[in-house]
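# Coordinate analysis (summary)
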Amino acid sequence: MAYKIGIDVSKHNGTIDWNKVKASGIKFAMIRAGYGSSHIDEQFKRNVTECNRLKIPCGCYWFSYALNTEQARQEAQLFLKIIKQYKIYMPVCYDLEYDSFNYAKKKG
């Protein structure tokens, strides 16, 4: 079975040289669109636009800090609004991790 190598990117990776990424053999990218109730990742637009330009298949994710169902719904609605203008060929994901649960625990 052949595996395709991809990367997970966000503002934490800085300004990415997507030409170098493509030349390195990376086959896809998962791009953070944002997090919480209203924070769009500062590099999202550039990252997804560059992937679209270079025909690197990409997916997106939203890092959740929702404390209840209504907040999760609001996060998901914003996420879908932000990504709808781009070509997304990989999964669209809702990201829950330890930070999500630790944040919720701190908030009671």
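In case you missed it, the structure is sitting above this.
As a starting point, this report considers the structure included with it. (Residues numbered from 1 in each chain as written. Predicted model: local features only at pLDDT ≥ 70, side-chain atom pairs only at ≥ 80, totals over all residues. Heavy atoms only, no water.)

## Comments concerning the overall build of the chain
Rules: The secondary structure listing takes helices from DSSP runs of H or I that are at least 4 residues long and strands from runs of E that are at least 2 residues long, numbered from the N terminus. Each residue's exposure class comes from its accessible area (1.4 Å probe, protein chains only) as a fraction of the maximum for that residue type: buried when under 20%, exposed when over 50%, partly exposed otherwise. A contact between two residues is defined here by any heavy atoms of the two lying within 4.5 Å. Reported accessibility uses the Shrake-Rupley method at a 1.4 Å probe radius. Residues are deemed covered only where the shown protein chains occlude them.
Each helix and strand counted, the chain has 4 helices and 5 strands in total. Split into buried and exposed, the 108 residues of the chain put 35% on the buried side. Taking the intrachain contacts of the chain between residues at least 6 apart in sequence as the baseline, contacts between residues at least 24 apart amount to 65%. When the accessible area of the chain is evaluated, it comes to approximately 7100 Å², of which 54% is carbon and sulfur surface.

## So, the nonpolar core
The condition is simple: Put simply, a nonpolar core is a bunch of buried Ala, Val, Leu, Ile, Met, Phe, Trp, Tyr and Cys residues held in one set by side-chain atoms that sit within 4.5 Å of each other.
Membership of the largest hydrophobic core comes to 20 residues, with the highest contact counts inside it found for Trp18, Ile31, Phe44, Cys51 and Ile83. The element contributing the most residues to this core is helix α2 (residues 44-54), with 4 residues.

## A look at α2
Note the following rule: Taking the helix axis as origin, the arc is that swept by the directions to the C-beta atoms.
When we look at burial in α2, the residues that qualify are Phe44, Asn47, Val48, Glu50, Cys51 and Leu54. Within α2, the buried residues cover an arc of 160° as seen down the axis, which keeps them to one side. Where α2 is buried, its residues meet β1 (6-9), α1 (18-23), β2 (28-35), β4 (58-63) and α3 (69-83). After α2 finishes, the residue Lys55 shows a positive phi value of roughly 60°.

## Points about the pairing of β1
Stated precisely, the cut-off is as follows: Think of it this way: DSSP has to see at least two bridges between two strands before they count as a pair.
Here β1 runs beside β2; their pairing, made up of 4 bridges, is parallel. Bridge pairing in β2 places Ile7 opposite Ala29.

## What about unusual backbone geometry?
One non-glycine residue, Lys55, lies in the positive phi region at around 60°. Secondary-structure assignment places Lys55 in the loop between α2 and β4. Taking relative accessible area as the criterion, Lys55 reaches 70% and is therefore assigned exposed.

## Points about the packing of aromatic side chains
Rules: The criterion for an aromatic pair is that two Phe, Tyr or Trp rings (for Trp, the six-membered ring) have centres within 6.5 Å, with stacked assigned to planes under 30 degrees apart, edge-to-face to planes over 60 apart and tilted to the rest.
Tallying each qualifying case throughout the model produces 4 aromatic pairs. Ring geometry for Trp62 against Phe79: centres 5.8 Å apart, planes inclined by 40°, an arrangement best described as tilted. Here the residue Trp62 occupies a position in strand β4, and Phe79 occupies one in helix α3, the gap between them amounting to 17 residues. Judged by its relative accessible area of 4%, Phe79 is buried.

On their own, these measurements won't tell you what the molecule is for.
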